[in-house]
Amino acid sequence: MKNREKNINIFEIEALDLLKPETDLEQSFLNCEDFRKGLDWGIPRYGHPEGKVLYHVREVLDNVDKIEGLPRACREKLRIITFTHDTFKYKEDKTSRPRNWLKHHGMLARKYLEPYFGDKAILDIIELHDEAYYCWRMLHLYDQQEAGQKRLDQLLLKMKDHLQLYYLFFKCDTQTGDKIQSPVKWFEQTIG
């Protein structure tokens, strides 16, 4: 048990050092055992050669910091989205067919954040943060034009009031690891 406590303390120190929480809300995430467990999850894989979610979150935060002229309120929102967007991948069930989208890590992250935060834009973006990629994949990899366009239309309708924030996060998230950049270029052209 002492080794486990020591490992948790070492991980907490690493998470604090890497993520550098700037608000009480960000700090509260790192105080939550479920959240820390999610940050500690992951092994190197396609799209995420960094492995652990913690390291991916750091990469996305670095991209947020690179956006010039970003208003403080927008930066704070992007940081909240970044902290939470992939943290519940460890709880996602990808084995059920058809896939249960209520157990997608974005939905699980939304459900986690709802008691802490009521900003609908942030909650919607967290829930649907991978949706533009799924649309691109349907349209360009699987040639499912009708279904892909319908899914894209639904995404754009849901994000209409906060499409710019969604796009900024999608770009920051996609420009990490070894992810292909075609989905971002396509989305930029789509929202023009």
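Computed from a prediction, not measured in an experiment: that's the story for all the values here.

1. Comments concerning the overall build of the chain
Point 1. The secondary structure content of the chain amounts to 11 helices and zero strands.
Point 2. If you list the helices and strands of the chain from N to C, you get α-α-α-α-α-α-α-α-α-α-α.
Point 3. Computed over C-alpha atoms, the radius of gyration of the chain comes to 17 Å, within 12% of the 16 Å expected from 2.2 N^0.38 for 192 residues, which places it in the range of a compact globule.
Point 4. Taken over 192 residues, the chain has a buried fraction of 45%.
Point 5. Taking contacts inside the chain between residues at least 6 apart in sequence as the whole, the part at least 24 apart equals 63%.
Point 6. Taken as a whole, the chain presents about 10,500 Å² of accessible surface, with 52% of it coming from carbon and sulfur.
Point 7. Each charge class in the chain was averaged separately, 31 positive and 32 negative side chains, and the resulting centres sit 3 Å apart.

2. What to know about helix 5 (residues 72-84)
Point 1. Under the 1.5 Å per step criterion, the end-to-end length of helix 5 is 19 Å for 13 residues, consistent within 8% with the ideal 18 Å.
Point 2. Looking at helix 5, one finds that the buried residues are Cys74, Leu78, Arg79, Ile80, Ile81, Thr82, Phe83 and Thr84.

3. What about the nonpolar core?
Point 1. Counting residues in each nonpolar core, the largest one holds 48 residues, and the members touching the most others are Leu19, Phe29, Phe35, Leu39, Leu78, Tyr166 and Phe187.
Point 2. Per element, the largest residue contribution to this core is seven residues, and it comes from helix 10 (residues 163-174).
Point 3. With residues up to four places along the chain from it excluded, the contact list for phenylalanine 187 reads Ala132, Leu152, Leu155, Leu156, Leu163, Tyr166, Tyr167 and Phe170.

Here is what the cut-offs are and how they apply
- Residues numbered from 1 in each chain as written.
- Predicted model: local features only at pLDDT ≥ 70, side-chain atom pairs only at ≥ 80, totals over all residues.
- Heavy atoms only, no water.
- Helix = DSSP H or I, 4+ residues; strand = E, 2+ residues; numbered from the N terminus.
- Rg over C-alpha atoms; globule rule 2.2 N^0.38 Å.
- Buried < 20%, exposed > 50% of the residue type's maximum accessible area, 1.4 Å probe, protein only.
- Contact = heavy atoms within 4.5 Å.
- Areas by Shrake-Rupley, 256 points an atom, 1.4 Å probe, with all protein chains shown as cover.
- Lys, Arg positive; Asp, Glu negative; His and termini not counted.
- Charge placed at Lys NZ, Arg CZ, Asp CG, Glu CD.
- Expected span 1.5 Å × (residues − 1).
- Core = buried A, V, L, I, M, F, W, Y, C linked by side-chain atoms within 4.5 Å.

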